[in-house]
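Fold and contact review
One letter stands for each residue in the lines below.
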Amino acid sequence: MHRPRAATVRFGNRIQGMNQGDLSRAAEILRSAGRVVAFTGAGVSAESGVPTFRGAGGLWEGHAVQQVATPEAFHADPLMVWRFYDQRRINLTKVRPNPAHTVLARWQDRFPSYQLVTQNVDGLHHAAGAREVVELHGSIWCVRCVGCGHEREDRSAPLPDLPPRCSACGGLERPGVVWFGEYLPARAMALATAAAEACDVLVVVGTSAVVYPAAGLVEVAASAGGKVIEVNPEASQVAHLAEVELRGPAGVVLPLLDELVGDR
Ligand SMILES: [Zn+2]
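Worth saying up front: this structure is predicted, and the values here are computed from it rather than measured.

1. Overview of the packing of helix α2 (residues 20-31) against helix α11 (residues 250-261)
Running from N to C, α2 and α11 cross one another at 55°; their axes reach a closest spacing of 9 Å. On the basis of their axis angle, the class for α2 and α11 is oblique. With respect to the hand of their crossing, α2 and α11 are arranged in right-handed fashion. Residues Leu-23, Ser-24, Ala-26, Ala-27, Leu-30 and Arg-31 of α2 pack against Val-253, Leu-256, Leu-257, Leu-260 and Val-261 of α11. Residues belonging to the contact of α2 with α11 are distributed by class as follows: nine nonpolar, one polar and one charged.

Okay, here's the thing in structure tokens:
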């Protein structure tokens with residue numbers, strides 16, 4: 001009970017002590033920016049309580065998640081894979097966007113041009129009011145037929161029948177997410193790359209940027225002259241490209257930054 005409170009207080013002090021100058025610099029960069037891209041990863045969702053599955057506890061019923069979230073696993077046992085995703089969908093109905101999601105949605109009305117790009121599949125950016133989100137890893141609320149390719153949004157959790165079947169062709173449906181070993185959706189990747197190339201500022205939030213294409217997008221933005229602001233509790237793989245590094249949880253740092261940017 002006492003531990004989380006102590007941790008919060010310590011974090012609060014760190015943010016006040018360490019980030020004030022950096023916060024001001026980041027706010028100044030954003031204030032004069034016309035084209036802004038925000039690029040988010042699992043850290044933003046983790047602050048809402050969404051498990052990342054990449055840590056030591058990345059197991060589900062004794063399976064490594066890397067063995068559940070693959071096309072091979074789905075081919076071998078679609079029901080097992082669907083039970084995993086159905087449970088994740090059920091868990092997500094109990095999760096709410098945090099202040100980081102709120103700020104990142106609000107920015108769509110703040111900057112002349114703004115693109116939100118995420119690696120998250122949970123739909124929390126939409127839940128916070130974001131209208132246009134490029135979802136590089138798809139969406140857990142999207143269901144796609146492996147037979148005819150028909151895609152639909154389905155928000156029911158639990159799903160009434162597992163595994164679900166396509167109403168058009170009767171084929172097996174799969175979760176509309178990108179699995180280990182699969183390519184990212186070409187259209188989403190093209191949109192994200194174009195936005196990164198054209199941006200004045202890229203704000204990287206809550207991603208370690210270890211996995212492709214995270215590092216690539218930041219490199220694209222930086223080499224095209226965009227300024228990179230990193231919001232992360234710890235330095236990521238792309239921290240060396242960042243003009244400003246803001247160390248702390250996104251749900252704390254982004255509201256402070258947003259307040260400093262103020263009304264344009
Ligand atoms: Zn179909």
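Having seen the model, we can carry on.
2. Focus: the coordination of the zinc ion
Ideal donor angles around a metal are set by the shape: a four-donor tetrahedron calls for 109.5 degrees, a six-donor octahedron for 90 or 180 degrees. The coordination sphere of the zinc ion, as far as protein atoms go, consists of Cys-145 (SG), Cys-148 (SG), Cys-166 (SG) and Cys-169 (SG), spread over 2.3 to 2.4 Å. One way to put it: the four donor atoms around the zinc ion meet at angles of 96 to 117°, and that makes the site tetrahedral. The motif formed by the donor residues of the zinc ion, counted along the single chain, is C-x2-C-x17-C-x2-C. Note that Cys-148 is positioned in the loop between β6 (138-145) and β7 (151-153) and Cys-166 in the loop between β7 and β8 (173-177), a separation of 18 residues in sequence.

3. Notes on helix α9 (residues 186-198)
Turn by turn, an α-helix covers 3.6 residues, leaving residues three or four places apart pointing in a common direction. Here α9 contains 13 residues, and its C-alpha end-to-end distance of 18 Å stays within 8% of the 18 Å for a straight helix at 1.5 Å per residue. Among the residues making up α9, those that are buried are Ala-188, Met-189, Ala-192, Ala-195 and Ala-196. Viewed along the axis of α9, the buried residues span an arc of 135°, placing them on a single side of the element. Counted as exposed and oriented over 90 degrees from the buried face of α9: Ala-186 and Arg-187.

4. Side note on the layout of surface pockets
There is about 600 Å³ of room inside the second largest pocket. Taken together, 28 residues make up the lining of the second largest pocket; nearest its centre are Val-133, Glu-135, Gly-138, Ser-139 and Glu-151. At five residues, the largest contribution of residues to the lining of the second largest pocket is made by β6. A breakdown of the residues in the lining of the second largest pocket according to their chemical character gives 11 nonpolar, six polar and 11 charged.

5. Quick notes on the packing of helix α7 (residues 99-106) against α11
Relative to each other, α7 and α11 sit at 35°, their axes nearing to 7 Å. The crossing of α7 and α11 is left-handed. Contacts between α7 and α11 pair Pro-99, Ala-100, Val-103, Leu-104 and Arg-106 from the former with Ala-250, Gly-251, Leu-254, Pro-255 and Asp-258 from the latter. In terms of residue class, the contact of α7 with α11 is made up of seven nonpolar, one polar and two charged.

6. Section: the pattern of salt bridges
Proximity of charged atoms lets side chains of opposite charge pair with each other. Scanning the model with the defined rule gives 12 salt bridges in all. Arg-25 is the partner of Asp-22 in a salt bridge, and the nearest nitrogen-oxygen pair spans 3.8 Å. Here Arg-25 and Asp-22 lie together in helix α2, a separation of three residues that amounts to about one turn. Residue classification places Arg-25 among the partly exposed residues on the basis of a relative accessible area of 40%. Overlapping salt bridges, with partners in common, bring together Arg-89, Arg-152, Asp-154 and Glu-173 in one network.

7. What about the nonpolar core?
One finds Leu-30, Trp-107, Leu-254 and Leu-257 to be the most contacted residues of the largest nonpolar core, which totals 31 residues. The set of elements that each furnish at least two residues to this core consists of α2, β1 (35-40), α7, β4 (113-118), β9 (201-205), β10 (227-232), β11 (244-247) and α11. If sequence neighbours within four positions are ignored, Leu-257 has contacts with Leu-23, Ala-26, Ala-27, Leu-30, Trp-107 and Leu-246.

8. Some words on the sheet that holds β11
Judged by pairing direction, the sheet is parallel, and its six strands sit side by side in the order β5-β4-β1-β9-β10-β11 without closing on themselves. Looking along the sheet, the strands with just one partner apiece sit at the ends: β5 (133-135) and β11. Taking each pair of neighbouring strands and ignoring which way they run, the sheet shows an average axis angle of 15°. Across the sheet, α9 lies against β1, β4 and β5, angled at about 125° from β5, the strand it touches most.

9. Observations concerning empty space enclosed by the protein
Counted by the stated rule, this structure contains one cavity of 30 Å³ or more. The calculated volume of the largest cavity comes to roughly 30 Å³. If you trace the largest cavity, you find it lined by Thr-118, Asn-120, Val-121, Asp-122, Gly-123, Leu-124, His-125, His-126, Val-133 and Glu-135. Here the residues of the lining of the largest cavity sort into three nonpolar, five polar and two charged.

10. Here we look at the packing of aromatic side chains
Between two aromatic rings, the relevant description is the distance of the centres plus the angle of the planes. Scanning all chains against the criterion turns up six aromatic pairs. Considering the side-chain rings of Phe-74 and Trp-179, the 5.4 Å spacing of their centres and the 40° angle between planes classify their relative orientation as tilted. With Phe-74 in helix α5 (residues 71-76) and Trp-179 in the loop between β8 and α9, this residue pair connects regions lying 105 residues apart in the sequence. With centroids separated by 5.6 Å and ring planes inclined at 85°, the aromatic side chains of Trp-107 and Phe-111 adopt a geometry described as edge-to-face. Overall, the relative accessible area of 0% leaves Trp-107 in the buried class. Its relative accessible area of 4% is what places Phe-111 among the buried residues. In textbook terms, an aromatic cluster arises when at least three aromatic residues are bridged by ring pairs, as seen for Phe-74, Phe-84, Tyr-85 and Trp-179. The ring centre of Trp-179 lies 3.8 Å from the NZ or CZ of Arg-174, which sits over that ring.

Rules used in this analysis
- Throughout, residues of each chain are indexed from 1 in the direction in which the sequence is written.
- With the structure being a predicted model, the display of local features is reserved for residues of pLDDT at least 70 and the display and counting of side-chain atom pairs for 80 or more, all residues being used for whole-chain, interface and lining totals.
- With hydrogens and water set aside, each side-chain value is computed from the structure's full complement of heavy atoms.
- The axes are straight lines fitted to the C-alpha atoms, using for helices just the contacting stretch, and the angles between their N-to-C directions are given from 0 to 180°.
- Helical segments are the DSSP runs of H or I of at least four residues, strand segments are the runs of E of at least two, and each set is numbered from the N terminus.
- Working definition: roughly parallel below 35 degrees, roughly antiparallel above 145 degrees, roughly perpendicular at 65 to 115 degrees, and oblique for all remaining angles.
- Left-handed describes a crossing whose near helix is turned anticlockwise from the far helix through less than a right angle; right-handed describes the clockwise counterpart.
- The criterion used for residue contact is that any of the two residues' heavy atoms lie within 4.5 Å.
- For this scheme, ten residues count as nonpolar: Ala, Val, Leu, Ile, Met, Phe, Trp, Tyr, Cys and Pro. Four count as charged, namely Asp, Glu, Lys and Arg, and the remainder, Gly too, count as polar.
- Note that water is not among the atoms considered, so a metal site may appear incomplete; the donors listed are N, O and S atoms within 2.8 Å of the metal, with 3.2 Å applied to Na, K and Ca.
- Note on geometry labels: four donors, all angles 85 to 135 degrees, give tetrahedral; four donors become square planar and six octahedral when opposite donors are over 155 degrees apart and every other angle is between 65 and 115; remaining cases are irregular.
- One fewer than the residue count of a helix, multiplied by 1.5 Å, yields its expected span.
- Three exposure classes are used, based on accessible area relative to the maximum for each residue type with a 1.4 Å probe and protein chains only: buried under 20%, partly exposed in between, and exposed over 50%.
- Comment: arc refers to directions from the helix axis out to C-beta atoms.
- Here a cavity denotes grid points, spaced 1 Å and computed from the protein atoms alone, that fit a 1.4 Å probe unable to get out, and a pocket denotes an open set having protein on both sides within 12 Å along at least 5 of 7 lines; residues with an atom within 4 Å of a point are the lining.
- Grid points are joined across faces, edges and corners, and a volume is the space filled by probe spheres set on the points.
- Within this document, salt bridges are pairs made up of a side-chain nitrogen of Lys or Arg and a carboxyl oxygen of Asp or Glu, the two lying within 4 Å of each other.
- The set of buried Ala, Val, Leu, Ile, Met, Phe, Trp, Tyr and Cys residues whose side-chain atoms join them within 4.5 Å is what this entry labels a nonpolar core.
- Criterion used throughout: strands pair if DSSP finds at least two bridges between them.
- Here is the rule: rings of Phe, Tyr and Trp (six-membered ring for Trp) pair when centre to centre is within 6.5 Å. Planes less than 30 degrees apart are stacked, more than 60 are edge-to-face, and the remainder are tilted.
- Two conditions define a charge located above a ring, namely a distance within 6 Å from the ring centre to NZ of Lys or CZ of Arg, and an angle within 35 degrees of the ring normal.

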